[in-house]
Every structure is written in C-alpha cells, then in structure tokens.
Amino acid sequence: MAKAEGQVYEDDELDAEQEARRRLALAQIRQYPDVALKMTARPVEHFDDDLRSLVDRMKRLMRDARGIGLAATQVGVLQRLFVFHAAEDEVVAVVNPEIVERSDETDVVEEGCLSIQGVLVPVERPVRVTIAGRDENGEDVRFELEDIYARAAQHEADHLDGVLIIDRTTPEARREALALLRPRIVLT
Ligand SMILES: [Zn+2]
C-alpha cells in the first residue's frame, strides 16, 4: 500500500471489474500535459441542474478512479468547483471554494494526482485549513479539515488556479517527474 497520497486514495487490490471501471474513469480525466490543467477556472454563477449533474458525474468518476478529490478542470470544465472526501465516509462538492484559514504548522507528504499518473512528489502544505464556499444547491458550507482531508482540499483548490503538484514540489523532484512524463521518442 502506498503512503498517504494527496489524491489517490490507496493502492488496494482491485478486482477485475473495479480495475476496468478505474481505467474507464481515468480515460475521462484530463491527463498532463492537457492545457485545461493549466487554466484558471471561473466562478460558478448558476446553481442549476447542469451544475448538479456535473457534481454527480464528478463524484462517480472520483469514486471509480479511487481518488479522494477531483476538480472540474480535470474534466475540462473551467468552473470553480471540486468534489472531495471531507471525511472517510463524507463526499461533498465545494463550489467557489476559498481557503479562509491555514495553520502555521506544515508537513511534507508524497502526493499523487489523478491527472499525473505514476508520479508521487513531496509537497509541503499546512496541516489544517478551513475552507468555505457553497454546495451544489447554493447553500453556504464550511469545513474545518486536517491531515489528508486538508491536503486533498488544498490540492483541489490548486487545480482551480491551474497549479499542479509538480509546481509545488522541490526542484529535484520536479525534474525527475518531468523526465518521467516526457514523451519517449523511439527511433527505429
Ligand atoms: Zn490532482
């Protein structure tokens, strides 16, 4: 089992059907270096059925891909919302999220991303944050989070500004990750 990663839940054993569903979900999630991943999302203005079906779809993709968070930019929608686990059994959407408090205490954890498969890099983040925003019905929500849940929320909030884990890691880890991600040219 992998260490606590920012977004990928756990490397538990999947049966063949779960594995097939995970691959299908990942195929619908934008992969680095897709340009949508570098773009800044716009605030959501309409809390309508379209928004709610987007949230349902993102929750389904996140579950099938075995992630603990998924941002709209990762499915090519440039709107400010993400879904994530606010607790082990609590999956929520946060629309127009703002991180309103951050602890001074930070830690460094190897973090992965559903859009950058096969890469884990150390990322330093505050251990505790408070995040405020709306739910998919336009109601105010506020979450006081710590550890992996705080990390997931910060990771997803970064996505809405086009910021990825490789932008947050050390220069050495970034270099190694980019070398891994570079398309291989095969000469015959
Ligand atoms: Zn990510």
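Residues numbered from 1 in each chain as written. Predicted model: local features only at pLDDT ≥ 70, side-chain atom pairs only at ≥ 80, totals over all residues. Heavy atoms only, no water.

Caption draft 1: A look at the pairing of strand β6 (residues 128-134). For β6, the buried fraction is high: five of the seven residues fall into the buried class. Examined bridge by bridge, strand β3 (residues 90-102) and β6 share five bridges and lie antiparallel to one another. Counted as the bridge partner of Val95 is Arg134 from β6. The hairpin turn running from β6 into strand β7 (residues 140-146), its antiparallel successor, is five residues long, and Gly138 in that turn takes a positive phi close to 90°. (Buried < 20%, exposed > 50% of the residue type's maximum accessible area, 1.4 Å probe, protein only. Helix = DSSP H or I, 4+ residues; strand = E, 2+ residues; numbered from the N terminus. Pairing = 2+ DSSP bridges.)

Caption draft 2: Local environment of the packing of aromatic side chains. Evaluated as defined, the whole model comprises two aromatic pairs. Between Phe82 and Phe84, the ring centres sit 5.5 Å apart and the planes meet at 75°, which makes this aromatic pair edge-to-face. Note on Phe82: relative accessible area 0%, which makes it buried. A relative accessible area of 0% places Phe84 in the buried class. Residues Phe84 and Phe143 carry aromatic rings whose centres are separated by 6.1 Å and whose planes lie at 90° to one another, so their mutual orientation is edge-to-face. Pair noted here: Phe84 is in strand β2 (residues 81-87) and Phe143 is in strand β7, with a separation of 59 residues, a long-range link. This pair shows no difference in class: Phe84 is buried, exactly as Phe143 is. Here the aromatic cluster, defined as three or more aromatic residues joined through ring pairs, consists of Phe82, Phe84 and Phe143. (Phe/Tyr/Trp six-rings, centres within 6.5 Å; stacked < 30°, edge-to-face > 60°.)

Caption draft 3: Structural detail: unusual backbone geometry. Here the amide bond leading from Tyr32 into Pro33 is cis, since omega sits at 5°, within 30 degrees of zero. Inspection of the secondary structure puts Pro33 in the loop between α1 (16-27) and α2 (49-65). Residues other than glycine seldom take positive phi values, yet Asn96 does so here, at roughly 50°. For Asn96, the location among the structural elements is in strand β3. The exposure class assigned to Asn96 is partly exposed, which follows from its relative accessible area of 22%. Its identity as a non-glycine residue notwithstanding, Asp147 has a phi of 55°, on the positive side.

Caption draft 4: Spatial organisation of the confidence of the model for the chain. Of all residues in the chain, 91% attain a pLDDT of 70 or more, and the chain-wide mean is 93. Confidence drops under a pLDDT of 50 for residues 1-6, and excluding neighbours within four residues, the segment shows 19 contacts in the predicted structure. (pLDDT = per-residue confidence, 0-100. Contact = heavy atoms within 4.5 Å.)

Caption draft 5: Up close: the sheet that holds strand β1 (residues 69-71). In space, the five strands of this open sheet follow the order β1-β2-β3-β6-β7, with antiparallel pairing throughout. Because the sheet does not close on itself, it has two edges, and the strands there are β1 and β7. In this sheet, adjacent strand axes meet at a mean angle of 45° when their direction is disregarded. Sheet topology note: the β2/β3 ladder contains six bridges and is antiparallel. Bridge assignment links Val83 to a residue of β3, and that residue is Ala93. Packing of α2 onto the sheet brings it into contact with β1, β2 and β3, and relative to β2 it is tilted by some 55°. (Axes fitted to C-alpha atoms, helices over the stretch in contact; angles between N-to-C directions.)

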